[in-house]
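Inside the fold
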Amino acid sequence: MPLTETPGTEAVPRTRLRWWTELPLILLVYACYSAGRLLARGDVTGAVDHGLAILKVEKVLYLNAEHPLNRLFTSQTWIGVPADFWYASLHYLVTPAVLIWLFRSRAVHYRAARTWLMTSTFMGLIGFTLLPTCPPRLLSASHGFVDTMAQYSSYGWWGGEASAPRGMGGMTNQYAAMPSLHVGWALWCGVMLWRYGRTRTTKAAAVAYPLITTLVVMGTANHYFLDAVAGAVVMGLGFLLAPYVSRAAERATAGVRARTATVSVASGDTEPSIVSAGCKTSAGEHIPRQRESRFPGGAEPSAAPTDAGDGAPAAAR
């Protein structure tokens, strides 16, 4: 009789995941991502040229969502301030929250989701390295953009230089605009909420979160529209590559375990089978050198009856 799976139940993962191994891994990936952003600053002139090239491409394609959104966020404080909080905070809060939710409630899907997110993040880091891009807010005023993060810096903890905490703007790479991982991570969160959420609220959040994030990154003049598109493309490529990354990681882990097991077996085979040097037992002995202690000089009785005399009883067999 074939086995059937009850609707609403999920298979248990082959290897149970532990939070104390997952947390260091995620922190390590994020640390590499942050360090890579700092190391991939590039020259300012090249970053500005790349930003202007993106504007030219958008002009050819008749795309100009950034200017009207930026004017709206700049003129309307009640929109601009929440948008700046959204940009500066939520990708640090929502993304880990979704990871934790998957880990606790959808463990069978967590490993693949985590691998997808990490693969896409490293691909974004490659983009920052190869194509440092000046965001709209750092272009000259003649291009018509206003830095809302600087305009509303008195409302939040960020400074006028970047969305980093006040006084720490110099520790961030402000020319890592292409692709927009704000949009990429928000899209990942939306997909997870849509696929594994079971309520209308989670379905609505799955659509609203990436959409609002896309509007926010443009309205605050932190990204171009094509940056947002590139963020979505990076997530798509990461989704396609994640299974291969998972298989490669599993093979590497299996190889390490096999080598460790081989070393353990080899070390076990070479261990001596004696308690201490020179204390081996022979057949018929319960303790080492038992016979030597009972028969001085090394003489031992013979098991043959003729050696014991005519009247001696035969040895028990």
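Each remark here, short or long, concerns the structure printed above.
Residues numbered from 1 in each chain as written. Predicted model: local features only at pLDDT ≥ 70, side-chain atom pairs only at ≥ 80, totals over all residues. Heavy atoms only, no water.

**Here's the deal with the overall build of the protein chain**
Cut-off, in case you're wondering: Put simply, DSSP H or I for four residues or longer makes a helix, DSSP E for two residues or longer makes a strand, and each gets a number counted from the N terminus. Exposure is judged per residue with a 1.4 Å probe applied to protein chains only, and the accessible area is read against the type maximum: over 50% gives exposed, under 20% gives buried, and values in between give partly exposed. It only takes one pair of heavy atoms within 4.5 Å for two residues to be counted as in contact. Throughout, the Shrake-Rupley method with a 1.4 Å probe supplies accessible areas, and for residues the shown protein chains are the sole cover considered.
The helix and strand inventory of the protein chain stands at ten helices and zero strands. By residue count, 35% of the 317 residues in the protein chain fall in the buried class. Partitioning the contacts of the protein chain with sequence separation of at least 6, the portion at a separation of at least 24 is 79%. Accessible area for the protein chain stands at about 19300 Å²; split by element, carbon and sulfur atoms hold 65% of it.

**Notes on unusual backbone geometry**
The amide bond that connects methionine 178 to the next residue, proline 179, takes the cis arrangement and shows omega of 0°. Inspection of the secondary structure assignment puts proline 179 in the loop between α6 (148-151) and α7 (181-196).

**Re the environment of histidine 143**
Within the fold, histidine 143 resides in the loop between α5 (107-130) and α6. A residue is classified by how much of its surface remains accessible, and histidine 143, at 29% relative accessible area, is partly exposed. Residues histidine 143 and leucine 55, spaced 88 residues apart in sequence, show a C-alpha to C-alpha distance of 9.7 Å. Not counting residues within four places of it along the chain, the set of residues in contact with histidine 143 comprises Leu52, Leu55 and His67.

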